[in-house]
Amino acid sequence: MLRIYNTLTGKKEPFEPLAPKTVRMYVCGVTVYDYCHIGHARSALVFDVIRRYLESSKYRVEFVKNFTDVDDKIIKRANEQGVACEAITTKYIDAYHEDMGKLGVRPASIEPKATEHIADIIELAKMLLAKGLAYQVDGDVYFDVAKYPEYGRLSKRRLDDLQAGARVDVDERKRDPMDFALWKSAKPGEPAWPSPWGQGRPGWHIECSAMSMKHLGETFDIHGGGMDLIFPHHENEIAQSCGATGKEFARYWIHNGFVQINKEKMSKSLGNFFTIREIFEKSEWPEDITGEILRYFLLSTHYHGPLDFSDQALNEAKNTLNGFYDLLVTRLAEPDQNSSTDRELGGAVERCKLAFQAAMDDDFNTTGALAAFQGLKTDINKLLSKGLSTEARKIARQAFRTIGNVLGLFQLDKWQFSSTSKITAFKEVSVSESLSAGMEESAAVLKSEQLPDTEIEAKIAERAEAKKKKDFKRADAIRKELNALGITIEDKPDGTSRWKR
RNA sequence: GGCGCCGUACCCAAGUGGUAAGGGAGCAGUCUGCAAAACUGCGAUGCGGCGGUUCGAACCCGCCCGGCGCCUCCA
């Protein structure tokens, strides 16, 4: 039985969707005015995994994730560059898909844009005005928070406690400082749509209410996003949605914690952020391996807590994955006639499945889920040493692939083990540096990539000959030579050797 | 001023009442010509501090200390 921590109630609750075997879920995406950073990646990944787990639990998941494509920051960016807003939003929506794709984040079932739902937004605002929950000032429409008595139930705040104007000037035209705009009148040079209140554009919060209700119905199951959206964004969504329909809006609210740098929130305003593409660019690993490392790193902490980003953390994730992929692409790929432990494999896989499911059922505890894979890894390594047939090895490999698919891990067929490469997101690489010191560091991997397998095999054969003749000096020299190229040789008990980059 | 999150071994990190998962690093052993990998063992009598509730607390309550976040836009 799946249990989810619900921000609305502050408790872990059993999850029961409104309609049997169907989950309707809405996640707040990004405002598309710049490249995404690793914090956006965490959020996208967390909900991607939640979606995958629900699907693997035999739910049909209707997953809506929006793009905010009308906003002050977009307008500012467009004006700076002297281009239309659409040029900005199109560019960064494409970049979003590209970056998230590298992380293995699947597109949502529906990815609506605010600008494509202006009519729905206007309808919602009209409804709120008609119900007396909103009011008009000049060409603006504001939600009247005083008319929604439950305002603050998500963020656990009371209106009286909020320090209005603490950090921003209060608009004197509003009845309450907490009232928020549903519709903003157009200023010159801004994108605008006709409305009953004149030319204008939607406020930020209303698009999510309009789009979620349009695509998922007035009441749906899960609404998610980053912690920073709890107030005011999600609070306001609840107020205007419930105010308009008189029904409950989203039933389970899920919020992911922040990615931090040195214990501080990663954010644009602090300037302490790393974009996803920047990390891929600075990584010395191939793209698919870097993606796997990032994914493992982001899932190694429970989604609700903070997660500190550092080169060390990334490289630890790499080391851990080395252990998995050594098993998956090296040891399990070796043929064997000995089937003496084949019948024990099923039990090991079953144990992993159960442990995995128990962890994921407990509020999507991906940390525990990864521990389940560690258990399977250890079990299979033991079986291998006692004898596991080629056929059983394929089954073992498939188990990792199948269960791992829920986390989007363990799908790669190739891996690089070399310990000379790194991810150094923090290192500022200048051109001259990369030509000297930086190059040296990654030189081994570059060389090993260029070296054809056949040449390596030839060297290995030569070394085997030397070993046979007890010419260990020669054998060690060859090993050292290959090692300098980032290739590790492992001798097996039968006198043959395996190698890996 | 209000609300909230976090503080578990060298590092990362699960665990929300029943006696501390897992990983990384390290050390020792098995294996090996050596090495690597794998496997085995070692590693917090203690979970920021002090009290309290309980047969029993990392987990509940109170106070305190430290770090962070939100109350502008923010995943």
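The rules behind the values
- Residues numbered from 1 in each chain as written.
- Chains lettered and ligands numbered in written order.
- Predicted model: local features only at pLDDT ≥ 70, side-chain atom pairs only at ≥ 80, totals over all residues.
- Heavy atoms only, no water.
- Axes fitted to C-alpha atoms, helices over the stretch in contact; angles between N-to-C directions.
- Helix = DSSP H or I, 4+ residues; strand = E, 2+ residues; numbered from the N terminus.
- Parallel < 35°, antiparallel > 145°, perpendicular 65-115°, else oblique.
- Contact = heavy atoms within 4.5 Å.
- Nonpolar A, V, L, I, M, F, W, Y, C, P; charged D, E, K, R; others polar.
- Pairing = 2+ DSSP bridges.
- Phe/Tyr/Trp six-rings, centres within 6.5 Å; stacked < 30°, edge-to-face > 60°.
- Buried < 20%, exposed > 50% of the residue type's maximum accessible area, 1.4 Å probe, protein only.
- pLDDT = per-residue confidence, 0-100.
- 1 Å grid on protein atoms, 1.4 Å probe; cavity = no way out; pocket = protein on both sides within 12 Å on 5 of 7 lines; lining within 4 Å.
- Points joined across faces, edges and corners; volume = space filled by probe spheres on them.
- Domains from an automatic or database assignment.

Undergrad: Can you lay out the packing of helix α11 (residues 366-386) against helix α12 (residues 390-404) for me, pointing to particular residues and giving the numbers?
TA: At a closest axis distance of 12 Å, the pairing of α11 and α12 adopts a crossing angle of 175°. On the basis of the axis angle, α11 is roughly antiparallel to α12. Of the residues in α12, those touching α11 at F373, L376, K377, I380 and L384 are R393, A396, F400, I403 and G404. Residues belonging to the contact of α11 with α12 are distributed by class as follows: seven nonpolar, one polar and two charged.

Undergrad: Kindly report on the sheet that holds strand β7 (residues 180-185), identifying the contributing residues and their values.
TA: Ordered by their spatial adjacency, four strands build an open sheet running β5-β6-β7-β8, and the pairing between neighbours is antiparallel. Looking at strand neighbours, the two that pair on one side only are β5 (134-137) and β8 (200-202), the edges of this open sheet. The sheet shows a mean angle of 20° between the axes of neighbouring strands, direction not considered. Sheet topology note: the strand β6 (residues 140-143)/β7 ladder contains three bridges and is antiparallel.

Undergrad: Before we move on, can you summarise the packing of aromatic side chains with the specific residues and values?
TA: Evaluation of the coordinates by the stated rule reveals 24 aromatic pairs. Between the aromatic rings of Y35 and Y92, the centroid separation amounts to 5.1 Å while the plane-to-plane angle is 80°, which identifies the pairing as edge-to-face. Separated by 57 residues along the polypeptide, Y35 in the loop between β3 (22-27) and α1 (38-56) and Y92 in helix α3 (residues 85-102) bring together distant segments of the chain. Y35 gets classed as partly exposed once you look at its relative accessible area, which sits at 25%.

Undergrad: Mind laying out the confidence of the model for chain A, listing which residues take part and the relevant values?
TA: Model confidence for chain A is summarised by a mean pLDDT of 91, while 93% of its residues fall at 70 or above. Within chain A, helix α13 (residues 431-435) has the poorest average pLDDT of any element, 42, and strand β4 (residues 60-65) the best, 98. Here residues 430-441 is a poorly scored stretch, pLDDT under 50, and it has ten contacts once near neighbours within four places are set aside; other chains count.

Undergrad: Before we move on, could you go through empty space enclosed by the protein and cite the residues and values that matter?
TA: Inspection of the entire model under this criterion finds one cavity of 30 Å³ or more. The space that makes up the largest cavity amounts to roughly 70 Å³. In terms of lining residues, the largest cavity is bounded by R42, V46, V49, I50, L298, L299, T301, Y303, F364 and T366. Contributions of two or more residues to the lining of the largest cavity are made by α1 and α8 (287-299). The leading source of residues in the lining of the largest cavity is α1, at four residues. Residue composition of the lining of the largest cavity, by class: seven nonpolar, two polar and one charged.

Undergrad: Talk me through the environment of G224; I want residue IDs and the actual numbers.
TA: Tracing the backbone shows G224 in strand β9 (residues 220-226). For G224, a relative accessible area of 0% translates into the label buried. Measuring from C-alpha to C-alpha, the distance between G224 and H234 comes to 9.1 Å, with ten residues separating the pair along the chain. Setting aside its immediate chain neighbours within four residues, G224 contacts Y26, V27, C28, F47, H234 and I254.

Undergrad: Lay out the sheet that holds β3 in plain terms, naming residues and giving numbers.
TA: Reading across from one edge, β4-β3-β9-β10 is the order of the four strands in this open sheet, with parallel pairing throughout. Two strands close off the open sheet at either side, each with one partner strand: β4 and β10 (250-256). Strand after strand, the sheet turns through a mean of 20° between neighbouring axes, direction not considered. Inspection of the sheet shows β9 paired to β10 by six bridges, in the parallel sense. Counterpart to F220 in the pairing with β10 is A250.

Undergrad: Mind laying out the domain arrangement of chain A, listing which residues take part and the relevant values?
TA: Domain annotation for chain A reports domain 1 (3-256), domain 2 (264-404) and domain 3 (451-500). One C-alpha centre belongs to domain 2, the other to domain 3, and the line joining them spans 29 Å.

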